[in-house]
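These are the residues of each chain, in order.
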Amino acid sequence: MPLKTRIQLIKGDITQIQADAIVNAANTSLLGGGGVDGAIHRAGGPEILANCRKIILAQGGCRTGEAVITTAGNLPAEFVIHTVGPVWSGGTNDEEKKLSSCYKSSLKLAAESNCTSIAFPGISTGAYGFPKDKAAEIAVTTVIDFLLKNTQPKTVIFVCYDEEYYCLIQQKLNTIL
Ligand code: AR6
């Protein structure tokens, strides 16, 4: 399958996406929050938090750059992959490497869970303040690198909530593909 057909770009709300897995931009507590995290827990219902609590008991939350998987409750997706993006603090704290690690860990977990499709929001580009242009570059290059080396997941969907991030992802995809 050509690389170009394995990547989709959508403007909208990730809770509406019918992918095998959608990714949540969570925090280390895994207990929910605002932004896309709040939207996913609200739309998915209490099952997601109940699953997160089991993970908290087993391993005590999730570290920055890592990912965990739960079921998706009432969402059209089958799974939610919760990853914790870095808080932007000027770029000297390995933020770029940690953000790339979020994409890699999520893609790896999706492949291990037999997910054919996965949808990503702009991890760290909201409350965590990561510059959107840099974040879009990391998202696109990390995803393409993974897809070139792996056959699963087959499809990656970038779900952009705002016009600015949508245009940035589109621009990066056009340059590379
Ligand atoms: N669908 C897709 N994207 C969305 C949606 C949605 N429904 N809602 C917001 N976005 P943020 P972060 C976009 O703040 O920066 C939470 O409180 C939004 O436009 O959700 O990683 C967590 O609990 C932005 O581009 O995540 C953490 O404490 C992107 O999602 C903290 O925020 C990410 O914004 C994580 O901060």
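Each remark here, short or long, concerns the structure printed above.
Described in the following lines is the structure provided in the data block. Here the structure is a predicted model, which is why all the values come from computation and not from measurement. (Residues numbered from 1 in each chain as written. Predicted model: local features only at pLDDT ≥ 70, side-chain atom pairs only at ≥ 80, totals over all residues. Heavy atoms only, no water.)

### Points about the site of the ligand
Lining the immediate environment of the ligand, one finds 21 residues, of which G34, V36, D37, T125 and A127 sit closest. Within the side chain of N27, a nitrogen or oxygen atom sits 2.8 Å from an oxygen atom of the ligand. V36 places a main-chain nitrogen or oxygen 2.8 Å from an oxygen atom of the ligand. For the ligand, whose free accessible area comes to 700 Å², the fraction covered by protein is 90%. Among the cavities detected, the one that contains the ligand is the largest pocket. Elements with a contribution of two residues or more to the shell around the ligand: strand 2 (21-26) and helix 1 (35-44). Examining the composition of the shell around the ligand, we find that four residues originate from one element, helix 1, more than from any other. For the shell around the ligand, the class distribution of residues is eight nonpolar, 10 polar and three charged. (Near = heavy atom within 4 Å. Polar contact = N/O pair within 3.5 Å; in protein donor to acceptor, adjacent residues only side chain to side chain. Areas by Shrake-Rupley, 256 points an atom, 1.4 Å probe, with all protein chains shown as cover. 1 Å grid on protein atoms, 1.4 Å probe; cavity = no way out; pocket = protein on both sides within 12 Å on 5 of 7 lines; lining within 4 Å. Sits in = over half its atoms within 2 Å of the grid points. Helix = DSSP H or I, 4+ residues; strand = E, 2+ residues; numbered from the N terminus. Nonpolar A, V, L, I, M, F, W, Y, C, P; charged D, E, K, R; others polar.)

### Details of unusual backbone geometry
Cis geometry marks the peptide bond from Q152 to P153; its omega dihedral reads -10°. Inspection of the secondary structure assignment puts P153 in the loop between helix 4 (132-149) and strand 6 (155-160). The backbone phi angle of D94 is positive, close to 60°, even though this residue is not glycine. Among the secondary structure elements, D94 is positioned in the loop between strand 4 (79-84) and helix 3 (95-112). Despite not being glycine, N114 shows a phi value in the positive range, around 60°. Note on placement: N114 falls in the loop between helix 3 and strand 5 (117-120).

### A word on the pattern of salt bridges
Enumeration over the complete set of coordinates arrives at eight salt bridges. With a shortest N-O distance of 3.7 Å, E164 and K132 are connected by a salt bridge. Of this pair, E164 sits in helix 5 (residues 163-176) while K132 is found in helix 4, placing the two residues 32 residues apart along the sequence. For E164, a relative accessible area of 49% corresponds to the partly exposed category. Residues D145 and K149 are paired through a salt bridge, measuring 3.0 Å at the closest nitrogen-oxygen approach. Here K149 and D145 lie together in helix 4, a separation of four residues that amounts to about one turn. (Salt bridge = Lys/Arg side-chain N within 4 Å of Asp/Glu carboxyl O. Buried < 20%, exposed > 50% of the residue type's maximum accessible area, 1.4 Å probe, protein only.)

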